[in-house]
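An overview of the molecular structure
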Amino acid sequence: MKRKIIDSHWHLYTHTDRDGRDFCEVLDAFQAENNLDGVNICSIPIYRDLGPAQNMLAAIYKLHNPKVYAYGGLVYPQKPFKNPMPENMDPLSQYRELMEIGFDGIKMLETKPYEQRDYSVCIDDDYFDSFFEACERDNTHMIWHVADPETFWDINRIPKRFLDRGWYYGDGTYMSYERVYNLVFNILKKHPKLSVNFAHFFFMSEHPEKLEALFESYPNVGVDITPGAEMYGSFDKRRDFYREFFIKYADRIMFGSDTSYSGAGLDHLKHRGKNVRDFLTTDNDVTVIDNSCKGISLPDETIDKIFYKNFEKAAGSTPKPINKEALKRYVHKYKYLINDDKMLEYILKSL
């Protein structure tokens, strides 16, 4: 049975692969191979100091493939973040630029521990209020990464493979687990009608009762099931509970795979999205990242909501077209922040 599927959570880091193939060609082929009807590129300028080229590449891909969605991210011209930003680069001005270009929503990574520490952004500061007010007023959808698994703050619980990657956050240099979440809760209290799906199940797979309370309090809040380190193991431990949870909250959950193109090819990711889909649609044994679990075989109506209907409801049934003149203005305004000469040359040639 062919189902309509929109993958709401992709990332794009570069413009070419090791064989010199244009990223548009590679991503088009990957979508076709995986029977995807649409994808959403989540731009994360704050990640690894990727900067404004993230938004530019996403917009260029939308120009190439009008069936593609893209969520833009805020650019921070200084590291650590300094309040205020340079003139006309404040969060509200950037939001208006992204909307004028034709982005379909906003991606937030400011509350991922490493980025929060290095950029020193407290997203609940009053400086960001007008930005969130505009998103709430316009009903602009957000996909938002908050924290990481709770175990990453506990030296006795963090899995060794993640400790070895440097993902331990309990050494005193990172914001506490509780404080990271409180940043977000403070924003929701001020802007209770924000349309937002928290990535990776809000890293709450071990605490679903907290998610249920959040859903009851905020009508436009949901999660995505983009794989996290611990999620699918937690789902498997309470399989019957989570099957009912997914059915009950079918309107709050979106499908995503975290497919990330860095130029090394995508073959190593070709099974991730499929395995997530199999978890939802079958009762087969599957492995998602490092978690072995048994599928929960959801009803068709629930599957369709998670696979595409919820995303289309939030982002639109069709992607917004790119305003090429607005994109050109954006590129010329922010190009001084791009340190990769080849990347900048590619972007300029694409306009």
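Read on for an overview of the structure. Computed from a predicted structure; not experimentally measured. (Residues numbered from 1 in each chain as written. Predicted model: local features only at pLDDT ≥ 70, side-chain atom pairs only at ≥ 80, totals over all residues. Heavy atoms only, no water.)

1. Details of the pairing of strand E11 (residues 291–294)
Using the following cut-off: Partly exposed describes any residue whose relative accessible area lies between the buried limit of under 20% and the exposed limit of over 50%, with all areas from a 1.4 Å probe on protein chains only and scaled to the type maximum. The way it works is that DSSP assigns letters per residue, a run of H or I at least four long becomes a helix, a run of E at least two long becomes a strand, and they are numbered from the N terminus. The criterion for strand pairing is that DSSP finds at least two bridges linking the strands in question.
By the alternation rule, side chains of E11 split into Asn291 and Cys293, which are all buried, and Ser292 and Lys294, of which none is buried. Bridge analysis of strand E10 (residues 285–288) against E11 gives four bridges, and the strand direction is antiparallel. Residue Val288 lies in a different strand from E11, and its bridge partner there is Asn291. Between the end of E10 and the start of E11, which pair antiparallel, lie two residues, with Ile289 showing a positive phi angle near 55°.

2. Looking at helix H12 (residues 300–315)
Going by this rule: How far a helix is expected to stretch is found by multiplying one less than its residue total by 1.5 Å. Bend, in this description, refers to the angle at a residue between axes fitted to the seven residues ending there and the seven starting there. Note on contacts: a residue pair qualifies if any of its non-hydrogen atoms lie within 4.5 Å across the two residues.
Helix length check: H12, at 16 residues, gives a terminal C-alpha distance of 22 Å against a target of 22 Å (1.5 Å per residue), a fit within 8%. Along H12, the sharpest kink reaches roughly 50°, centred on Ile306. Taken together, the buried positions of H12 are Thr302, Ile303, Asp304, Lys305, Ile306, Phe307, Tyr308, Asn310, Phe311, Glu312 and Ala315. Considering only its buried residues, H12 is in contact with strand E1 (6–12), strand E2 (38–42), strand E3 (69–72), helix H10 (239–248), strand E8 (253–254) and helix H11 (272–281). At the C-terminal side of H12, Gly316 shows a positive phi close to 115°.

3. Structural notes on the nonpolar core
Quick note on the threshold: By convention a nonpolar core is built from buried Ala, Val, Leu, Ile, Met, Phe, Trp, Tyr and Cys residues, the set being connected through side-chain atoms within 4.5 Å.
In this structure, Trp144, Phe198 and Phe246 are the most contacted members of the largest nonpolar core, which totals 126 residues. When near neighbours in sequence (up to four residues on either side) are disregarded, Trp144 contacts Met108, Thr111, Ile123, Phe132, Val184, Ile187, Val196, Asn197, Phe198 and Ala199.

4. A closer look at the packing of aromatic side chains
Convention followed: Centre distance within 6.5 Å is the pairing criterion for rings of Phe, Tyr and Trp, where only the six-membered ring of Trp is used; planes under 30 degrees apart are then read as stacked, over 60 as edge-to-face, and the remainder as tilted. By definition here, charges over rings are those cases where NZ of Lys or CZ of Arg is within 6 Å of the ring centre and within 35 degrees of the ring normal.
Overall, the coordinates contain 47 aromatic pairs when judged by the stated rule. With a centroid separation of 4.8 Å and an interplanar angle of 85°, the aromatic rings of Tyr69 and Phe311 are classed as edge-to-face. With Tyr69 in strand E3 and Phe311 in helix H12, the pair connects residues that are 242 residues apart, well separated along the chain. Ring geometry for Tyr232 versus Phe235: centroids 5.0 Å apart, planes at 80°, classification edge-to-face. Placement of both Tyr232 and Phe235 in helix H9 (residues 231–237) is noted, with a separation of three residues, approximately one turn of the helix. Here the guanidinium or amino end of Arg165 rests over the ring plane of Trp167, the centre of that ring lying 5.3 Å away. Over the ring of Phe241 we find Arg238, and its NZ or CZ is 4.2 Å from the ring centre.

5. What about the sheet that holds E2?
The criterion, for reference: Geometry is summarised by axes, namely lines fitted to C-alpha atoms with helices restricted to the contacting stretch, and by angles between N-to-C directions that run from 0 to 180 degrees.
Ordered by their spatial adjacency, nine strands build an open sheet running E8-E7-E6-E5-E4-E3-E2-E1-E9, and the pairing between neighbours is parallel. Of all strands in the sheet, those bounded by a partner on one side alone are E8 and strand E9 (259–261). Relative to E3, E2 is paired through three bridges, and the arrangement is parallel. Within the sheet, the bridge partner assigned to Asn40 lies in E3 and is Tyr69. The strands touched by helix H8 (residues 208–217) are strand E6 (196–198) and strand E7 (221–224); relative to E7, the strand with the most contacts, the crossing angle is about 140°.

6. Re the pattern of salt bridges
One side chain can pair with another of opposite charge once the charged atoms of both are near each other. What counts here: The term salt bridge refers to a pairing of a side-chain nitrogen on Lys or Arg with a carboxyl oxygen on Asp or Glu at a separation within 4 Å.
One pass over the structure, following the stated rule, counts 24 salt bridges. A salt bridge links Lys4 to Glu312; its shortest N-O distance comes to 2.7 Å. Here Lys4, found in the segment before E1, pairs with Glu312, found in helix H12; they are 308 residues apart in sequence, far enough to count as distant. Taking the relative accessible area as the measure of exposure, Lys4 reaches 34% and is therefore partly exposed. Measuring nitrogen to oxygen at the nearest pair gives 3.1 Å for the salt bridge that ties Asp148 to Lys112.

7. Quick word on the packing of helix H2 (residues 53–64) against helix H13 (residues 324–334)
Packed helices, taken two at a time, are described by their axes: the angle between them and the distance between them. The test is simple: Each angle gets one of four labels, with under 35 degrees taken as roughly parallel, over 145 as roughly antiparallel, 65 to 115 as roughly perpendicular, and the rest as oblique. The hand of a helix crossing depends on one turn: near helix anticlockwise from the far one by less than a right angle means left-handed, and clockwise means right-handed. When residues are sorted by character, Ala, Val, Leu, Ile, Met, Phe, Trp, Tyr, Cys and Pro go into the nonpolar class, Asp, Glu, Lys and Arg into the charged class, and all the rest, Gly among them, into the polar class.
Between H2 and H13, the shortest axis-to-axis distance is 11 Å and the interhelical angle comes to 160°. Between H2 and H13, the angle is such that the two are roughly antiparallel. The interaxial crossing formed by H2 with H13 has left-handed handedness. Residues Asn55, Met56, Ala59 and Leu63 of H2 touch H13, and the partners they reach there are Lys324, Leu327, Tyr330, Val331 and Tyr334. Looking at side-chain class alone, the contact of H2 with H13 contains seven nonpolar, one polar and one charged residues.

8. Description of the packing of helix H3 (residues 91–101) against helix H5 (residues 129–138)
At a minimum axis separation of 7 Å, H3 and H5 run at an interaxial angle of 35°. The segment H3 lies against H5, with Pro91, Leu92 and Tyr95 engaging Ser130, Phe131, Ala134, Cys135 and Asp138.

9. Considering the environment of His141
Tracing the backbone shows His141 in the loop between H5 and strand E5 (142–146). Since its relative accessible area comes to 1%, His141 is described here as buried. Residues His141 and Tyr13 lie 128 residues apart in sequence; the distance between their C-alpha atoms is 22 Å. Sequence-distant contacts of His141, that is, excluding residues within four places in its chain, are made with Tyr71, Gly105, Ile106, Ser195, Val196, Asn197, Met254 and Ala314.

Any functional reading would require information that these geometric values do not contain.
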